[in-house]
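# Fold and contact review
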Amino acid sequence: MKRQTAILLILIGWFQLLTAQTLDKIADIFSNPTEYRMPLLMTPFEFKVGTQLVSLYRSPLYFDSTETSLVNSDQLYYRSLYRFELDLLKFNFLRYIVPQNLVDFQTGIGGSYTTPLARLNLPDGWNDVSPKDETRLFYSPRILELNVNQSVIFQWSERFCNTMQFNYGKSLATAYRSLGGDRFLDQEKTTWSVAVGMKVFIRKEERFKEAYGVEVKYISANFDRLADSKRLSPITGMNFNSLGIYLTFSSMFGGYASVGDDAKNLYESGDYIAAKANFEQLLQDIPNHPRRFRVRRMIQQCINQMPLQNVAIAEGFIEARNFTKAANYLDQAKMKNLAGLDSVITEDFKKITEIFIHDMDSLFLVNQVDAAEDLLKKVEILPIPDITDLANEYWSEIYFHRGALFTEYGIWDKAVASFDMAVKKHPSIRERVDPWLLKIAFGYINDANKSIDEKDVALALESLQQATRVRPDIQFITKEPIQLLEDGVRALQKEMAIQKLKETSRQRIPVAPKIQPEPELGMEEEMVLEMLDHPSTITQYTDHLNHLFQLWIYCYTDGSEKQYYFRDGILFKIETEKTDSSE
């Protein structure tokens, strides 16, 4: 039993999947603006009123004799019936069996009342007295019906839908009515009808909406054996097969557009990224949406098309010179390996590189090295092909510019460190670095000469040794002075050692007082002078763009010093050097 149940469940699931996919393929043929709408789940009520024209091609009445007739019964006025219908509680049960929203199937119950507006007098010679209350009899047919109905609804826009409805039920028909209201000549019979129509929704975006419509209906209602136990009439039957037109009013639940329809519009506009997000939101909000199979396919199509959009977005950011976002979008597109797109991506990366080179060269041309460094830091981490070698060349150029600046300032150690980094990043720049290193070497030699003049033998020796390390090819200049100075230093050290043994106390050098407040970056020269007074030394340098650079050095009695760098009278850098004070 369990095995049979499992097999049955598998077959039901297979049927649901196959049917849903088949209907999805059929739905793809139609261009429906509400393709991902929610189904019309329920119609709480629907009221219809209209007129029916009975027996289009023959008499509407059957008689017990071919020679008998009812005067005026064949006239159009008396063959027109008015019908009132009320359908209740129509549910879309089928959606739980077959998940689809191409058409909606609603099943419900209903009833109708059909009658002519005018009664017809019975001819002379006919019995026209009621056997119950002896009041006058008239020909005034009436049909009461209770039915089960099935509607098929095709909603082809947010505002309109077409319908087809089939009714099947039991009807009670009577032909005579007395002035007292009694009914005679009756028959119960199974009847059916079919109708097609159109509805318009008034509030299209809401879940509950009113719908007004019109429909054409055919009714099969042939009452051929009227019961006449009292022998009142020669009429034996009524042929009420008829065709009519109705106005309808109903309240309906469902049929509203979902976020999937927004996703479809975004997809058709080329915004595949937003479309994918909306399709995923639809599955998250409504996991059992009737078109979930289609939604999953559309998500994959969005993923397949996203590289095209990523490239388009990247090209917009390239125009705006936003290299970070442009490169990231191109990298996302490149990872998809979409056929025919690699050449476009390569060309766009090439554009980024060319613009980057142009911007960097322009910054170097106006000596904006700091701005060039900021741009380089942003670009070198981007996934641009072959960017590493190009970045190293520009880093080399930045270090070269800084080395040249430190050389002009006479800050030899920082200049050497900058030139070393320039060569490390791009070895071929050494040809441009060597002349500057020679200048630094002679700068050390000049410092050594000044130190000798000031009888600072140790400093002179250090300067000569630095010059030799920077440019080993000038040893023929520095070798002999270094040897002499090293001998002098050893002699001085020996004499100093003797003096230390003779001293009984050491003089302590007072620590420089802390200055409050201290200068801040961005101050002008006059403001710094008001706070610190005049520096110990001032070094000036004017570059090829006529920018005036100054280095103010303040030396303190504890052996420390502060260096203040100015550009065109504005403080832009502060350095502090601390040395151990000698006892």
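See the structure printed just above.
Right, let's walk through the structure included here. (Residues numbered from 1 in each chain as written. Predicted model: local features only at pLDDT ≥ 70, side-chain atom pairs only at ≥ 80, totals over all residues. Heavy atoms only, no water.)

## Considerations on the overall build of the protein chain
Looking only at helices and strands, the protein chain features 14 helices and 16 strands. For the protein chain, with 583 residues in total, the buried portion stands at 42%. (Helix = DSSP H or I, 4+ residues; strand = E, 2+ residues; numbered from the N terminus. Buried < 20%, exposed > 50% of the residue type's maximum accessible area, 1.4 Å probe, protein only.)

## What to know about the side chain of Asn149
Within the secondary structure, Asn149 sits in strand S6 (residues 137-155). When near neighbours in sequence (up to four residues on either side) are disregarded, Asn149 contacts Asp87, Lys90, Gln106, Thr107, Gly108, Ile109, Gly110, Gln165, Phe166 and Asn167. (Contact = heavy atoms within 4.5 Å.)

## Quick look at the pairing of S6
Bridging between strand S4 (residues 104-115) and S6 involves 11 bridges; their strand directions are antiparallel. In the sheet register, Tyr113 faces S6, and the bridge partner there is Leu144. Pairing between S6 and strand S7 (residues 160-178): 17 bridges, direction antiparallel. Within S7, the residue paired with Arg142 across the bridge is Thr174. Where S6 folds back on S7, the antiparallel hairpin that results is connected by four residues. (Pairing = 2+ DSSP bridges.)

## Focus: the packing of aromatic side chains
Overall, the coordinates contain 18 aromatic pairs when judged by the stated rule. Seen from their ring centres, Tyr77 and Tyr78 are 5.1 Å apart, and the 85 degrees between their planes marks the pair as edge-to-face. On the basis of an interplanar angle of 50 degrees and a centroid distance of 4.8 Å, the ring pair of Phe208 and Phe253 is categorised as tilted. One end of the pair, Phe208, is in strand S9 (residues 208-220); the other, Phe253, is in strand S12 (residues 242-254), with 45 residues separating them in the sequence. Judged by its relative accessible area of 43%, Phe208 falls in the partly exposed class. Ring pairs connect the aromatic residues Phe45, Tyr212 and Phe249, which therefore count as one cluster. Over the ring of Phe138 we find Arg119, and its NZ or CZ is 3.9 Å from the ring centre. Just above the ring of Tyr246 sits the side chain of Lys217; from NZ or CZ to the centre is 5.1 Å. (Phe/Tyr/Trp six-rings, centres within 6.5 Å; stacked < 30°, edge-to-face > 60°. Lys NZ or Arg CZ within 6 Å of the ring centre and 35° of its normal.)

## Quick notes on the sheet that holds strand S2 (residues 61-63)
On the basis of which strands lie adjacent, the open sheet formed by three strands has the order S2-S11-S10 and antiparallel pairing. Of all the strands in the sheet, just S2 and strand S10 (222-223) have a single pairing partner and so form its edges. The pairing of S2 with strand S11 (residues 235-239) spans three bridges and is antiparallel. Bridge pairing in S11 links Leu61 to Met238.

## Some remarks on the packing of helix H5 (residues 292-319) against helix H6 (residues 323-335)
The N-to-C vectors of H5 and H6 enclose an angle of 160 degrees; their axes lie 8 Å apart at closest approach. One way to sum up the angle between H5 and H6 is to call them roughly antiparallel. The crossing of H5 and H6 is left-handed. In contact with Pro307, Asn310, Val311, Ile313, Ala314, Phe317 and Ile318 of H5, H6 contributes Lys325, Ala326, Tyr329, Leu330, Gln332 and Ala333. Tallied by class, the residues present in the contact of H5 with H6 amount to 10 nonpolar, two polar and one charged. (Axes fitted to C-alpha atoms, helices over the stretch in contact; angles between N-to-C directions. Parallel < 35°, antiparallel > 145°, perpendicular 65-115°, else oblique. Left-handed = near helix turned anticlockwise from the far one by under 90°. Nonpolar A, V, L, I, M, F, W, Y, C, P; charged D, E, K, R; others polar.)

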